[in-house]
Amino acid sequence: MASTLSLAQTASRKHGFPRIAVSLLGTGQVGGALLRQLAEQDGFAVPRLVGVANSRRALAAPEGIAPADALSRLWDEGGKPGLEAPLAAITNTTADVRVIVDATAAQEVAAHHRRWLARGLHVVSANKLALGGALADWDALQAAAQSAGTHYGDAATVGAGLPALSTLRRLQHAGDTLIALIGVFSGSLSFLFNAFDGRRPFSSLLAEARALGYTEPDPRADLSGRDVARKLLIVARVAGRPLEEGDIEVEDLVPPPLRDVPLGEFLERLGELDEILERHHRDAVEAGQVLRYVARLPGGERATVGLEALSPDHPCAQLSGADNLFAFTTRRYHTQPLVVRGPGAGPEVTAQALLADVLEIGRQASAGTTEKMMAPPPGARP
């Protein structure tokens, strides 16, 4: 395998493509899908996997790891868990472009993003905690990337890779200004309320969504609204609005008695959600409306995240499956908002967003551009 990888690296150099090395953190559904997609890549600029880690094992192989063999090698050869081995593997490689991919949902991993950027490593993340936490952390992360000339790929943090953030950035770089935003930002909650028509208990739909990988491992992260609030924070900050989490009014769908119990107990007591949500559903039906979990960033008013009863012809009411929707009202798209809509959950589309960011970083390196993927548009916070 080492000789094959060496031939690919030699071909990459011969054809002028940058050599991209990747360390992957997280081998769950998204990380596993990314490994499959890496295995399908062909060509001269294929990223070389040099490290892989999860909460139980860590493996470093600077000579390269075949993505198709990564999981078996991780279990057979991997050492104690931690970030040291994959970080050393990516740091010591001679690749032109070195990228750490965070496919976890761990705060302890997100806390390292800024330091990795400052050390000259690019970061691509599906982990929203670094961008959707305190505003000071957001500012510090951007400053680290700008000072070190590194890139932060964030497409997978919002909309599972839908071009929401990139669309907003393009509008703003062209001089447009966001006035208001409304949308459905959670694939899991979109799936749940698109399917919640009174024929099946809500708890049954939630169990199905969890099995499909639409929810976080602990569904309360979705039902609490915190995940949607983080995404709204990220979008707002990209738009130049310096919001903190406390600036968003969030509706938690988890009953207070279930918010702090262990995960296993919560899953056993899912039926306690049914009566509450069935009551909301009946009220909506009587008014000729449908339930959707909606994020709003109005102009000059408090941002909100919560369950709403909407007219059936509302754009947020016409979604299907796990679709997300972002409706941008801007100075130029004022009469009718610019809508970005599509699948907003699922390991494959999220992994594709991670891979696309890795390849985009390589493309920018090949072109010799110094544009930062997270550079704030005119008018945004420095």
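Residues numbered from 1 in each chain as written. Predicted model: local features only at pLDDT ≥ 70, side-chain atom pairs only at ≥ 80, totals over all residues. Heavy atoms only, no water.

Draft legend 1. Fine view of the overall build of the protein chain. When its secondary structure is counted, the protein chain shows 15 helices and 12 strands. For the protein chain, the C-alpha radius of gyration of 21 Å lies close to 21 Å, the compact-globule estimate for 382 residues. The dimensions of the protein chain, computed from C-alpha atoms along their principal axes, are 70 × 50 × 35 Å. Per-residue burial over the protein chain gives 52% buried out of 382 residues. Contacts in the protein chain between residues far apart in sequence, at least 24 positions, make up 69% of those at least 6 positions apart. Accessible area for the protein chain stands at about 16500 Å²; split by element, carbon and sulfur atoms hold 51% of it. Distance between charge centroids for the protein chain: 7 Å, based on 38 positive and 43 negative side chains. (Helix = DSSP H or I, 4+ residues; strand = E, 2+ residues; numbered from the N terminus. Rg over C-alpha atoms; globule rule 2.2 N^0.38 Å. Buried < 20%, exposed > 50% of the residue type's maximum accessible area, 1.4 Å probe, protein only. Contact = heavy atoms within 4.5 Å. Areas by Shrake-Rupley, 256 points an atom, 1.4 Å probe, with all protein chains shown as cover. Lys, Arg positive; Asp, Glu negative; His and termini not counted. Charge placed at Lys NZ, Arg CZ, Asp CG, Glu CD.)

Draft legend 2. Representation of the pattern of salt bridges in the model. This structure, assessed with the given rule, holds 19 salt bridges. A salt bridge links Arg199 to Asp197, with the shortest nitrogen-to-oxygen separation between them at 2.6 Å. Using a relative accessible area of 35% as the deciding quantity, one classes Asp197 as partly exposed. A salt bridge links Arg259 to Asp252, with the shortest nitrogen-to-oxygen separation between them at 3.3 Å. For Arg259, a relative accessible area of 36% gives the class partly exposed. Look at the salt bridges and you will find they share partners, linking Lys128, Glu216, Asp227 and Lys231 into a network. (Salt bridge = Lys/Arg side-chain N within 4 Å of Asp/Glu carboxyl O.)

Draft legend 3. Up close: the sheet that holds strand E11 (residues 323-330). Strand order in the open sheet formed by six strands is E8-E10-E9-E7-E11-E12, with mixed pairing between adjacent strands. Edge strands, defined here as strands with exactly one partner in the open sheet, are strand E8 (248-250) and strand E12 (338-343). On average, each strand axis in the sheet is tilted by 25° relative to the strand beside it, whichever way the strands run. Two elements, strand E7 (residues 178-184) and E11, share six bridges in a ladder whose sense is antiparallel. Among the inter-strand pairings, Leu178 is bridged to a residue of E11, identified as Thr330. The sheet contacts of helix H9 (residues 187-195) involve E7, strand E9 (290-297), strand E10 (303-310) and E11, and relative to E9 the element is tilted by about 150°. Each of E7, E8, E9, E10 and E11 touches helix H12 (residues 226-238); the most contacted strand, E9, lies at about 35° to it. (Pairing = 2+ DSSP bridges. Axes fitted to C-alpha atoms, helices over the stretch in contact; angles between N-to-C directions.)

Draft legend 4. Up close: the packing of H9 against helix H10 (residues 202-211). Between H9 and H10, whose axes approach to 10 Å, the crossing angle comes to 140°. It follows that H9 is oblique to H10 by the angle criterion. In the crossing of H9 with H10, the sense of the turn from one axis to the other is right-handed. Here H9 contributes Phe191, Leu192, Phe193 and Ala195 to the contact with H10, which in turn contributes Phe202, Leu205, Leu206, Glu208 and Ala209. Here the contact of H9 with H10 is built from residues that sort into eight nonpolar, no polar and one charged. (Parallel < 35°, antiparallel > 145°, perpendicular 65-115°, else oblique. Left-handed = near helix turned anticlockwise from the far one by under 90°. Nonpolar A, V, L, I, M, F, W, Y, C, P; charged D, E, K, R; others polar.)

Draft legend 5. Here's a closer look at the packing of helix H8 (residues 164-173) against H12. Packing of H8 against H12 brings their axes to within 10 Å, and their N-to-C directions diverge by 20°. Relative to H12, the element H8 lies roughly parallel. Where H8 crosses over H12, the two elements pack in a sense that is right-handed. For the pair formed by H8 and H12, the contact residues are Leu165, Leu168, Arg169 and Gln172 on the first element and Ile234, Val235 and Val238 on the second. Partitioning the contact of H8 with H12 into residue classes produces five nonpolar, one polar and one charged.

Draft legend 6. Just the sheet that holds strand E4 (residues 97-102), in detail. As summarised here, the arrangement of the six strands in space is E3-E2-E1-E4-E5-E6, forming an open sheet in which the pairing is mixed. At either end of the open sheet lies a strand with only one pairing partner, and these are strand E3 (58-60) and strand E6 (152-153).

Draft legend 7. Layout of the packing of aromatic side chains. Throughout the structure, instances matching the rule amount to six aromatic pairs. Ring centres of Phe191 and Tyr214 lie 5.2 Å apart, and the angle between their planes is 65°; this geometry places the pair in the edge-to-face category. Separated by 23 residues along the polypeptide, Phe191 in helix H9 and Tyr214 in the loop between H10 and helix H11 (220-223) bring together distant segments of the chain. Since its relative accessible area comes to 12%, Phe191 is described here as buried. Ring geometry for Phe193 and Phe196: centres 6.4 Å apart, planes at 75°, overall edge-to-face. Members of the aromatic cluster, each reached through a chain of ring pairs, are Phe185, Phe326 and Phe328. (Phe/Tyr/Trp six-rings, centres within 6.5 Å; stacked < 30°, edge-to-face > 60°.)

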